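# Structural description and commentary
Chain by chain, the residues:
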Amino acid sequence: MKKVGKTILTILVITTLVLGIRRLLSHYDPRVRVGSECSIPAIATQQMLFADDFEEPSIQEFWAEPDAGSGRYEPGAVATTNERDARNGTGCVSITLREGDVSDGNNNERAELDSGKHPFLGRTIRYQFSILIPNDFPQIENRLVIAQFKQKSYHNGPIVAQRFRGGRHYLSIRTIDRVLDGRRYFPLPDLVPEVWHDMDYLIRYATDDSGFVSVKMDGEEVVRYCGPTASTQGRNSFYNKIGLYRDRWPDPMTIFFDDYRLSEVETSRAHRSPDLEPEEDATPED
Ligand SMILES: [Ca+2]
């Protein structure tokens, strides 16, 4: 029995060490600067490329078809509605996910609107949308992504993901093309049920350290990250999804969005945004 105990202890120690070293290797990236160490250029001009205010009976045509690629949402899962107060106008979009919807067989399920794939490498793109969770939205300890920014052919997850898990609202950004890819985590202000929150992402897609991600929520900058935001292994093809992507769960979820805008931005290096306050410690988590 003593020998068995010793063996188990040895295995535990080795596992902890390996996981710790892996975490260090994947987290540390000398090309990355965050918070006040990172300077984001100010917006000089911007041109809107796609927009949906969800005032029409159907969503706009730029959104990818429900069954494009590996599938986006089940018939009827996405619908414009004027049955609740919209962020602006009278309409918004409701997205509902039920157990087993559009699963790829890997214990996940989804109902997401997809911006379509675009050659955004070397360009600065601004994504704005408003988001509302209803009072009865399940706040559960289960993976849930409500907005994500992805690069085609760069596998194993999004570059940037807005997550909501067990009531915690936070962002993940991948550290790209390292020996071991990892993620950095940033806390976001609470998502208050029945309140419209305005998200505003500014992302420069670059495979070198000229890339950046700046996130504003309700007009306040809450995340600032400088470093690679695109992989040399992926294509020059980027897409944004909003909605519900989670590990399998029995209870249905409905979330609302309004005022979607996708714009290309010209920045002025001469006029930088004022520095952020030093970054708070983020809770590391998978
Ligand atoms: Ca609207």
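Bear in mind that the values here come from a model prediction, so they are computed numbers and not experimental data.

Conventions used here
- Residues numbered from 1 in each chain as written.
- Predicted model: local features only at pLDDT ≥ 70, side-chain atom pairs only at ≥ 80, totals over all residues.
- Helix = DSSP H or I, 4+ residues; strand = E, 2+ residues; numbered from the N terminus.
- Rg over C-alpha atoms; globule rule 2.2 N^0.38 Å.
- Buried ≥ 20, exposed ≤ 12 C-beta atoms within 10 Å, placed from the backbone.
- Contact = placed C-beta atoms within 7 Å.
- Domains from an automatic or database assignment.
- Core = buried A, V, L, I, M, F, W, Y, C linked by C-beta atoms within 7 Å.
- Pairing = 2+ DSSP bridges.
- Axes fitted to C-alpha atoms, helices over the stretch in contact; angles between N-to-C directions.

## Remarks on the overall build of the protein chain
Within the protein chain, the regular secondary structure consists of one helix and 15 strands. Taking 19 Å as the expected radius of gyration for a compact globule of 286 residues, we find that the protein chain reaches 20 Å, a close match to that expectation. Its C-alpha atoms give the protein chain principal-axis dimensions of about 70 × 50 × 35 Å. Here the protein chain, with 286 residues, has 33% of them falling under the buried criterion. Pairs at least 24 residues apart make up 70% of the contacts formed inside the protein chain by residues separated by at least 6 positions.

## Some words on the domain arrangement of the protein chain
Segmenting the protein chain into domains produces domain 1 (1-29) and domain 2 (31-272). Centre-to-centre separation of domain 1 and domain 2, based on C-alpha positions: 35 Å.

## Side note on the nonpolar core
Ile95, Ile146, Leu244 and Phe257 are the most contacted members of the largest nonpolar core, which has 58 residues in total. Ranked by residues supplied to this core, first place goes to strand β15 (residues 253-272) with six residues. Ignoring anything within four residues of it in the chain, the contact list for Ile95 reads Ala77, Val78, Ala111, Leu113, Gly243, Leu244, Thr254, Ile255 and Phe257.

## Structural notes on the sheet that holds strand β5 (residues 108-114)
One open sheet holds the six strands; their spatial order is β5-β14-β7-β8-β9-β10, and the pairing between them is antiparallel. Either end of the sheet is taken by a strand with one partner, and the two such strands are β5 and β10 (182-187). Adjacent strand axes in the sheet meet at a mean angle of 25° when their direction is disregarded. Strand direction decides the pairing type here: strand β9 (residues 168-175) and β10, joined by six bridges, are antiparallel. Bridge pairing links Ile173 to Arg184 in β10.

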